[in-house]
Amino acid sequence: MTEPSVEPSIEPWAQRAMLRWPNVPHLYGWLRLDRRGRWLIKDEVISRPQIVDTINANYVADERGAWYFQNGPQRGYVALDAAPLMLSAPAEGDALSTHLGTPAGDVLRAAIDEHGGLWLLTARGPGWLTDRDLDWALQRLVSDQGLVDESRLAAVLALSPGAATGLAIELQAQRLALERIDEAGVPAAFGFLREPEAAATP
């Protein structure tokens, strides 16, 4: 008999539990990640560091782009207020970090929404740059005419989704074209689910 496969990026204790109890039903509707990078269970913030650290170390996505916490043999699927990762800017340089306390890695894609929110596809996964770091991002926006002022940015925010912005963001010694996207279209464009649901049974 073939043994069930396990997610290689979760901790060994969880992998062992998955192999021992492979058919535990998945859990939906309990966990949420807010825009401040906080974990909530039934809308109550999880504050115990040990629990937060365990979730952070065992947080991965399935083939649908639904993110979950592997809690021993059970998957606890996570509802997302924004994106799977909350990204933070460093005090110096361009190396972004995630709410998990890990590096985000290379940035592969960048988009701005109608509210000025910045969405980045990183090596670790899709992320949203937290509001407190928007000034940091604005300093890295460029166009063929140089730095981007407020009037140019306002014009970009007024564009339709998919329109060329003529802007780019300079990160990690590279220049990425900045796409125009509406927030509602981000999950489909970046490959994740904000509200995972169990598959319907026949």
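A word on the packing of aromatic side chains
Then, number 1: A complete count under the given rule lists 5 aromatic pairs for this structure.
Then, number 2: When the ring of W39 is compared with that of Y59, the centres are 4.8 Å apart and the planes differ by 80°; the resulting orientation is edge-to-face. With W39 in strand β2 (residues 39-41) and Y59 in strand β4 (residues 59-61), this residue pair connects regions lying 20 residues apart in the sequence.
Then, number 3: On the basis of relative accessibility, which here comes to 2%, the residue W39 falls in the buried class.
Then, number 4: By way of ring pairs, the aromatic residues Y28, Y68 and Y77 are connected into one cluster.
Then, number 5: Stacked on the ring of W128, the Lys or Arg R35 has its end atom at 4.9 Å from the ring centre.

Side note on the sheet that holds strand β3 (residues 44-45)
Then, number 1: Spatial strand order, β3-β2-β1-β6-β5-β4: 6 strands in an open sheet with mixed pairing. Each having just a single partner strand, β3 and β4 make up the two edges of the open sheet.
Then, number 2: Bridge count for strand β5 (residues 67-71) against strand β6 (residues 74-80) is 4 bridges, and the pairing is antiparallel. The residue bridging F69 from the neighbouring strand is G76, located in β6.

Section: the side chain of D62
Then, number 1: Locating D62 in the fold gives a position in the loop between β4 and β5.
Then, number 2: Not counting residues up to four positions away in its chain, the partners in contact with D62 are Y68, R75 and Y77.

Concerning the nonpolar core
As a rule of thumb, nonpolar side chains are buried together in soluble globular proteins.
Then, number 1: With 43 residues, the main nonpolar core has W39, Y59, L96, W119 and L120 as its most contacted residues.
Then, number 2: In contact with L96, not counting residues within four places along its chain, are L87, S88, A89, P103, A104, V107, L120, L129, W136 and Q172.

Some details on the environment of S151
Then, number 1: Topologically, S151 is positioned in helix α4 (residues 150-157).
Then, number 2: For S151, a relative accessible area of 53% puts it in the exposed group.
Then, number 3: Among the polar contacts made by the side chain of S151, one reaches the side chain of D149 at a distance of 3.0 Å.

Section: the environment of A82
Then, number 1: With respect to the element layout, A82 can be found in the loop between β6 and β7 (85-88).
Then, number 2: In this structure A82 comes out as buried when scored by relative accessible area, which is 0%.
Then, number 3: Sequence separation between A82 and D34 is 48 residues; the distance between their C-alpha atoms is 7.1 Å.

Observations concerning the environment of L33
Then, number 1: Locating L33 in the fold gives a position in strand β1 (residues 27-33).
Then, number 2: Judged by its relative accessible area of 0%, L33 falls in the buried class.
Then, number 3: The residues contacting L33, other than those within four sequence positions of it, are R38, W39, Y59, V78, A79, L80, D81, A83, P84 and H99.

What counts, and at which threshold
Residues numbered from 1 in each chain as written. Predicted model: local features only at pLDDT ≥ 70, side-chain atom pairs only at ≥ 80, totals over all residues. Heavy atoms only, no water. Phe/Tyr/Trp six-rings, centres within 6.5 Å; stacked < 30°, edge-to-face > 60°. Helix = DSSP H or I, 4+ residues; strand = E, 2+ residues; numbered from the N terminus. Buried < 20%, exposed > 50% of the residue type's maximum accessible area, 1.4 Å probe, protein only. Lys NZ or Arg CZ within 6 Å of the ring centre and 35° of its normal. Pairing = 2+ DSSP bridges. Contact = heavy atoms within 4.5 Å. Core = buried A, V, L, I, M, F, W, Y, C linked by side-chain atoms within 4.5 Å. Polar contact = N/O pair within 3.5 Å; in protein donor to acceptor, adjacent residues only side chain to side chain.

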